[in-house]
Amino acid sequence: MLEYTLKELERMIDHTNLHAYASDKDMVKLCNEAKEYNFKMVAINQVQSKICSEQLKGTDIDTGAAISFPLGQTTVESKLFDIKDALKNGANEIDYVVNLTEVKNGNFDYVKDEMQQIVDLCHSNSVLIKVIFENTYLTKDEIKKLAEIAKEVKPDFIKTSTGFGPSGATVEDVKLMKSVVGDDVSVKAAGGIRNSDDFLAMIAAGADRIGTSSGVKIINAIKNRMTDDNVDVIKINRDYKKNMK
């Protein structure tokens, strides 16, 4: 059983607005909310890297650019170019989508090479990198295989979903991913996490970062719960380790 302060829970949230119609005004609002609630990162499309990094200058909140989002159907060269462009414009975290066609083709050498090149680029620039699996389209064996590749290549995080597929994060998938990568790679849960119960369940399952557009609502609900219970910490039973290989 681990204990988390409200501040620690706030710092597990990637505050998200990836809508195609998001305006500059929306980005300013997103960044202001991230500053008010002490979130870890804002998750935005690559093109908004500059405005968000400028809004967050002087804070410890990261600008996280989504690459090849949400389909992952671009070449390695294209992904590398877009990452370089995002970094040039101030991004300091990257979330990229794997090439699902090559996963379905069983071409895991391609998937591994892509992951290695992207991880190398990000780490050479001291930038945190997350690999989005988009589990809704994958079999359990495919999820496991991708996690095995990640355990070897060592991105900072593997991530369940884009939030744009027919379904998002599940406790079952988070547990599966964490059982494979263990402590070598962290897990980010994203997609459909809109309330405090789901948020805490994903952490219990092994997630260390949560991507959500409902961070303000979630943290306010947890704050109210802590006030009502007259406690300073939330206790979470992170029992995922018993499933680790």
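- For the chain, an unreviewed UniProt entry supplies the name Deoxyribose-phosphate aldolase and the organism Companilactobacillus futsaii.
- One UniProt comment on the chain, placed under Sequence similarities (unreviewed entry), says "Belongs to the DeoC/FbaB aldolase family. DeoC type 1 subfamily."
- Turning to the chain, the UniProt annotation filed under Catalytic activity (unreviewed entry) states: "2-deoxy-D-ribose 5-phosphate = D-glyceraldehyde 3-phosphate + acetaldehyde".

## Notes on the side chain of R11
And step 1. Inspection of the secondary structure assignment puts R11 in the loop between α1 (6-10) and β2 (13-16).
And step 2. Excluding anything up to four places from it in sequence, R11 contacts N38, F39, K40, D60, I61 and R209.

## Notes on the layout of surface pockets
And step 1. Of the volumes computed, that of the largest pocket is approximately 360 Å³.
And step 2. Lining the largest pocket are 22 residues, and of these T16, T162, G163, G191 and S213 sit closest to its centre.
And step 3. Within the residue set of the lining of the largest pocket, elements represented by two or more residues are β8 (186-190) and β9 (209-212).
And step 4. Counted by class, the lining of the largest pocket contains 4 nonpolar, 15 polar and 3 charged residues.
And step 5. The space that makes up the second largest pocket amounts to roughly 160 Å³.
And step 6. If you go around the second largest pocket, the residues you meet are H15, T16, N17, H19, D26, K29, L30, E33, S213 and V216.
And step 7. Among the elements of the structure, β2 and α2 (24-37) are those that each provide at least two residues to the lining of the second largest pocket.
And step 8. With 4 residues, α2 is the single largest residue contributor to the lining of the second largest pocket.
And step 9. Partitioned by chemical class, the residues of the lining of the second largest pocket number 2 nonpolar, 5 polar and 3 charged.

## With respect to the packing of aromatic side chains
And step 1. Summed over the entire model, instances satisfying the criterion amount to 2 aromatic pairs.
And step 2. Measuring from ring centre to ring centre gives 5.7 Å for Y37 and F39, while their planes differ by 15°; the resulting arrangement is stacked.
And step 3. Judged by its relative accessible area of 14%, Y37 is buried.
And step 4. Relative accessible area serves as the criterion here: at 0%, F39 is assigned to the buried category.
And step 5. With centroids separated by 5.3 Å and ring planes inclined at 90°, the aromatic side chains of F69 and F164 adopt a geometry described as edge-to-face.

## Topic: the sheet that holds β8
And step 1. Ordered in space as β2-β3-β4-β5-β6-β7-β8-β9, the 8 strands form a closed barrel in which the pairing is parallel. Here the average twist between neighbouring strands, direction ignored, is 25°.
And step 2. Pairing geometry for β2 and β9, over 3 bridges, is parallel. If you follow I13 over to β9, its bridge partner there is I210.

## Description of the pattern of salt bridges
And step 1. What the rule picks out here adds up to 20 salt bridges.
And step 2. For the salt bridge of E93 with K130, the shortest nitrogen-to-oxygen distance reads 2.6 Å. With a gap of 37 residues between them, E93 in strand β5 (residues 93-97) and K130 in strand β6 (residues 128-132) connect regions that are remote in the sequence. Each of the two residues, E93 as well as K130, counts as buried.
And step 3. Two residues, D95 and K130, come together in a salt bridge whose shortest N-O distance is 2.9 Å. Pair noted here: D95 is in strand β5 and K130 is in strand β6, with a separation of 35 residues, a long-range link. Across the pair, K130 and D95 agree in class, each one buried.
And step 4. The structure contains a network of salt bridges with shared partners spanning D14, E93, D95, K130, K159, K188 and R209.

## Observations concerning the nonpolar core
And step 1. One finds L9, I94, F133, I158, F199 and I222 to be the most contacted residues of the largest nonpolar core, which totals 73 residues.
And step 2. Top element by residues in this core is helix α6 (residues 108-124). It accounts for 7 residues.
And step 3. Counting 5 residues, the second largest nonpolar core, distinct from the first, contains L18, A66, V97 and I132.

## Describing the packing of helix α7 (residues 140-153) against helix α8 (residues 171-181)
And step 1. Packing of α7 against α8 leaves a shortest axis separation of 8 Å and a crossing angle of 40°. When the axis of α7 is compared with that of α8, the two are oblique. Handedness of the α7/α8 crossing: right-handed. Of the residues in α8, those in contact with K140, I143, K144, A147, E148 and K151 of α7 are E172, D173, L176, M177, V180 and V181.
And step 2. When its residues are assigned to classes, the contact of α7 with α8 shows 6 nonpolar, no polar and 6 charged.

Reading guide: rules and limits
Residues numbered from 1 in each chain as written. Predicted model: local features only at pLDDT ≥ 70, side-chain atom pairs only at ≥ 80, totals over all residues. Heavy atoms only, no water. UniProt positions renumbered as here; feature names shortened; annotations may be inferred. Helix = DSSP H or I, 4+ residues; strand = E, 2+ residues; numbered from the N terminus. Contact = heavy atoms within 4.5 Å. 1 Å grid on protein atoms, 1.4 Å probe; cavity = no way out; pocket = protein on both sides within 12 Å on 5 of 7 lines; lining within 4 Å. Points joined across faces, edges and corners; volume = space filled by probe spheres on them. Nonpolar A, V, L, I, M, F, W, Y, C, P; charged D, E, K, R; others polar. Phe/Tyr/Trp six-rings, centres within 6.5 Å; stacked < 30°, edge-to-face > 60°. Buried < 20%, exposed > 50% of the residue type's maximum accessible area, 1.4 Å probe, protein only. Pairing = 2+ DSSP bridges. Axes fitted to C-alpha atoms, helices over the stretch in contact; angles between N-to-C directions. Salt bridge = Lys/Arg side-chain N within 4 Å of Asp/Glu carboxyl O. Core = buried A, V, L, I, M, F, W, Y, C linked by side-chain atoms within 4.5 Å. Parallel < 35°, antiparallel > 145°, perpendicular 65-115°, else oblique. Left-handed = near helix turned anticlockwise from the far one by under 90°.

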